[in-house]
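# Residue-level structure breakdown
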Amino acid sequence: MLRVSAYPLVEVDEAAALVLDHTPTMGVERVALAHCIGRVLAEDLSATASLPAFPSSAVDGYAVRSADAGKALRVLGESAAGRPFSGSVEPGTAARILTGGVLPDGADCVVMFEDVQLDSEVVTTPTNLREGSNFHRPGADVRAGEQVLTAGTQLGAAELGLAAALGFPRLPVFRRPRVALMSTGDELVEVGGKPGRGQIIDSNRWALLAALREVGAEVRGLGIGPDQSDALRTLVVDALREVDVLVTSGGVSVGTHDLVKPLLESLGTVHVGRVKLKPGKPFTFATLSDRKLGFGLPGFPVSSLVTFEVFVRPALRKMQGFAQLHRPTLPVRLAYDARATADRTEYQRVTLRREGQELVAESTGSQSSSRLMSLAGAHALVRIPPGDQGIKAGTVVEAMILALP
Ligand code: AMP
Ligand code: MG
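This report concerns the structure included in the present document. (Residues numbered from 1 in each chain as written. Chains lettered and ligands numbered in written order. Predicted model: local features only at pLDDT ≥ 70, side-chain atom pairs only at ≥ 80, totals over all residues. Heavy atoms only, no water.)

### As for empty space enclosed by the protein
Vacant regions in the atomic arrangement are exposed by a probe of water-molecule size rolled over the atoms. Applying the stated rule across the entire model yields one cavity of 30 Å³ or more. Space inside the largest cavity adds up to approximately 30 Å³. Secondary structure elements with two or more residues in the lining of the largest cavity: helix 1 (12–21) and helix 6 (301–319). Examining the composition of the lining of the largest cavity, we find that four residues originate from one element, helix 6, more than from any other. (1 Å grid on protein atoms, 1.4 Å probe; cavity = no way out; pocket = protein on both sides within 12 Å on 5 of 7 lines; lining within 4 Å. Points joined across faces, edges and corners; volume = space filled by probe spheres on them. Helix = DSSP H or I, 4+ residues; strand = E, 2+ residues; numbered from the N terminus.)

Here it is in structure tokens:
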């Protein structure tokens, strides 16, 4: 028996806004640099010191006075990296200097080894020496007090190097959301097992595990939940003690075995129960106690991943404090006639190729919500507004970029 859904059909953008409005940002923790990779900085970071902190030679050569250009200079000693020369360079003298060495007092430039003539301990400089050349002045890279990183920035190689150079062994970052992930459906068997007649392998859990990890969540796998309301409830209530977010797949359409919506309803408030979206109409979003979130994704593999992209991924990025919540978009020229769905916004999967200055989008073939092949290798999602018009081949549209070719 099918029931008629009581949930209003919500526009995609309205549903996405509802999700973000109810999504909290995680707390902040101070984390050692080694564990900050990919995390999001929670506070603006300002330099407590200048970089470099001292005038630092950019080359191997001689520290000299520019006024001594073209003269034979007596070499007094050496300033190597980490071993400064303690004396000062007076008129008529020079000090050997190595890259990263402190420019000695008195010297105002460095002349490269290649550009001098050396005769025992006397060095003859070229006739054109420029004050300030071949060394980095204090604060040339970073000035003390300067803001170097902004809250909301994801920490990658350069950002972590910068933090280390400025003397921060730990950084304040947003906590990663902990997410419980469960597939539901009595037809599901674990991958590696042999499906009997009418059974299928649970693939959504692996797809969603990858998607969740990619966006920075800590995932707790709950396995396969049965189409049995009490057992499902026990599993979910237990898991919710230890996580911030629940993500399920399956069980959100209107069949009598679809138990996720009533379960979320009994645990909190369902804000979105149906969306004018293809694929992904049954997408469900609820807030649960303690500001936790529940996402009931549809069972069809493509529907679960597309609704993840459109609704869950931005929410998990908001939780982690990302300044940028959404995928970047780029203009692409459609190489195919995109047919629209009358009453729903459609996200079609495309591959991209470069043609001159342009990106050209080709359909990945049948856009059936069960056909993961339409998403495997896709570079972008193209949004087709509802109606009977569609979008003609040759039209330039903004595409949501998943990966560039
Ligand atoms: P449901 O939303 O539970 O009605 O499921 C819709 C369709 O998606 C059905 O054909 C299910 O067999 C399929 N499906 C549900 N869950 C999964 C899963 N975890 N992996 C692969 N297919 C699934
Ligand atoms: Mg099901």
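Picking up where we left off.
### Some words on a nonpolar patch on the surface
Where nonpolar side chains cluster on the molecular surface, the patch consists of Val 191, Ile 201 and Trp 206 and spans about 280 Å² of accessible area. With respect to the element layout, Trp 206 can be found in helix 3 (residues 204–215). Look at Trp 206 and you get partly exposed, because its relative accessible area is 42%. (Patch = residues over 30% accessible without salt bridge, like charges linked within 9 Å, V, L, I, M, F, W, Y side chains within 5 Å. Areas by Shrake-Rupley, 256 points an atom, 1.4 Å probe, with all protein chains shown as cover. Salt bridge = Lys/Arg side-chain N within 4 Å of Asp/Glu carboxyl O. Buried < 20%, exposed > 50% of the residue type's maximum accessible area, 1.4 Å probe, protein only.)

### Topic: the nonpolar core
Buried together is how nonpolar side chains tend to be arranged in soluble globular proteins. The biggest cluster of nonpolar side chains holds 45 residues, and the ones touching the most others in it are Val 247, Phe 283, Phe 295, Phe 308, Phe 311 and Leu 316. Looking at this core, the elements with two or more residues in it are helix 1, strand 14 (178–184), helix 3, strand 18 (245–249), strand 23 (293–297) and helix 6. The dominant element in this core, judged by the number of residues it contributes, is helix 6, at ten residues. Contact partners of Phe 295, with chain neighbours within four places excluded, come to Val 19, Val 245, Leu 246, Val 247, Thr 248, Phe 283, Thr 284, Phe 285, Phe 311, Val 312 and Ala 315. Ranked by size, the runner-up nonpolar core spans 19 residues in total, among them Ala 180, Met 182, Leu 264 and Ala 286. (Core = buried A, V, L, I, M, F, W, Y, C linked by side-chain atoms within 4.5 Å. Contact = heavy atoms within 4.5 Å.)

Geometry only, nothing functional implied.
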